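Examining the three-dimensional arrangement
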Amino acid sequence: MSSDADSPSLAHAVALIAAARHAVVLAGAGMSKESGIPTFRGDGGLWTVRGEPPLNQYETFSADPRRWWERRLEQERSADEFATAIESAEPNAGHRALADLEAMGAIAHVISQNIDDLHRRAGQRSLTEIHGNRTWMRCIVCESRWPRAEFPVDPEALPPRCAQPGCGGIVKGDTVMFGEPIPPSALRRCAEESARADLFLSVGTSAVVYPAAQYPIAAAQRGVPLIEINPEPTPLTPLAAVVLRGPSGEVLPALAAAVRALQDRGSAARTSPGEDD
Ligand SMILES: [Zn+2]
């Protein structure tokens, strides 16, 4: 692959980011895959090996949450190969570059379809995990969330109940199940951030899972420029103002370095000798 580091496309992307006041990112499974997390579909994918989860997963949970929790605790004890792959995964250079771009003020929000907690661990602060986070728990009534490690579960009193005063709703894993509505608070946040977006970046996503894919599409349709970062073309490619082909772990660090260099030149110009005081 030729380096995009000095390409006109990279320069165009940097210019769009510099001009934006509220850049929003949609991040997908490609970023997780680069950290060694198995995909769901495809060769060796979780669902290819284990079979697709039933489409009525949430219905089954709702009918017998105690049974779901018994299995969950059993899985936590036995830690199979997929769980181990996820537990040992670390944020990659792409996750860190995305967090750096936020720290620089270059991007405002990340909507991630990934459930692996790697964005948060990389330092991303303004983040909506639209499909949940496998290391968190969530109350199905009030949508309160807790890291699993901070939510003790008594195996003798399943399913666990929400600790919020006056709630007492059933608590489940935060990952959104098949058949489960995406939590309204997450959808609201995605809609608000997308409505404010004056630039969209689509990173490591095939952009075929809805509703996540609708945010960059709707933004592009109202004239917001879209930057696509992905090794392969996607349904978003025809809508993109700039396409940066490659793994996010290579493209995002190059992009973050170029944005930082531009910011440094700007601040050097503002503080050049003779202009102070
Ligand atoms: Zn609750």
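Everything below is about the structure printed above this text.
Residues numbered from 1 in each chain as written. Predicted model: local features only at pLDDT ≥ 70, side-chain atom pairs only at ≥ 80, totals over all residues. Heavy atoms only, no water.

Four donors placed tetrahedrally about a metal ideally form angles of 109.5 degrees, and six donors placed octahedrally ideally form angles of 90 or 180 degrees. The coordination sphere of the zinc ion, as far as protein atoms go, consists of Cys139 (SG), Cys142 (SG), Cys162 (SG) and Cys167 (SG), spread over 2.3 Å. Around the zinc ion sit four donor atoms, and with donor-metal-donor angles ranging over 103 to 115° the site reads as tetrahedral. One chain supplies every donor to the zinc ion, and in sequence these donors are spaced C-x2-C-x19-C-x4-C. Taken as a pair, Cys139 in strand β4 (residues 136-139) and Cys167 in the loop between β5 (145-147) and β6 (171-173) lie far apart in primary sequence, 28 residues in all. (Donors = N, O, S within 2.8 Å, 3.2 Å for Na, K, Ca; no water. Tetrahedral: all angles 85-135°; square planar, octahedral: opposite > 155°, others 65-115°. Helix = DSSP H or I, 4+ residues; strand = E, 2+ residues; numbered from the N terminus.)

Another point: the sheet that holds strand β7 (residues 199-203). Here six strands make up an open sheet; going across it, the order is β3-β2-β1-β7-β8-β9 and the pairing parallel. Among the strands making up the open sheet, the edge pair consists of β3 (127-129) and β9 (242-245). Across the sheet, the mean angle separating the axes of adjacent strands is 15° when strand polarity is ignored. Here four bridges tie strand β1 (residues 23-27) to strand β2 (residues 109-112), and the two strands are oriented parallel to one another. When the bridges of β2 are listed, Leu26 appears paired with Ile111. Contacting β1, β2, β3 and β7, helix α9 (residues 184-196) crosses the sheet at an angle of about 135° to β2. Where helix α10 (residues 214-221) meets the sheet, its contacts fall on β1, β2, β7 and β8 (226-230), and the angle it forms with β7 comes to roughly 145°. (Pairing = 2+ DSSP bridges. Axes fitted to C-alpha atoms, helices over the stretch in contact; angles between N-to-C directions. Contact = heavy atoms within 4.5 Å.)

Two residues of an α-helix separated by three or four positions point the same way, owing to the 3.6 residues in each turn. Given a rise of 1.5 Å per residue, 23 residues ought to cover 33 Å, and the 32 Å separating the end C-alpha atoms of helix α11 (residues 248-270) matches this to within 8%. Within the span of α11, buried status applies to Ser248, Gly249, Val251, Leu252, Leu255, Ala256 and Val259. Buried residues belonging to α11 abut α1 (8-19), α2 (29-33), α7 (93-103), β7, β8 and β9. (Expected span 1.5 Å × (residues − 1). Buried < 20%, exposed > 50% of the residue type's maximum accessible area, 1.4 Å probe, protein only.)

Let us now look at the pattern of salt bridges. Should their charged atoms come close, side chains of opposite charge can pair. With the rule as written, the count across this model stands at 15 salt bridges. Residues Glu129 and Arg145 are paired through a salt bridge, measuring 3.1 Å at the closest nitrogen-oxygen approach. Of this pair, Glu129 sits in strand β3 while Arg145 sits in strand β5, and the two are 16 residues apart along the sequence. Exposure remark for Glu129: the relative accessible area of 9% places this residue in the buried category. Accessibility expressed as a relative area gives 32% for Arg145, which makes it partly exposed. Residues joined in a network through salt bridges with shared partners are Asp117, Arg120, Glu129, Arg138, Arg145, Lys172, Asp174 and Glu180. (Salt bridge = Lys/Arg side-chain N within 4 Å of Asp/Glu carboxyl O.)

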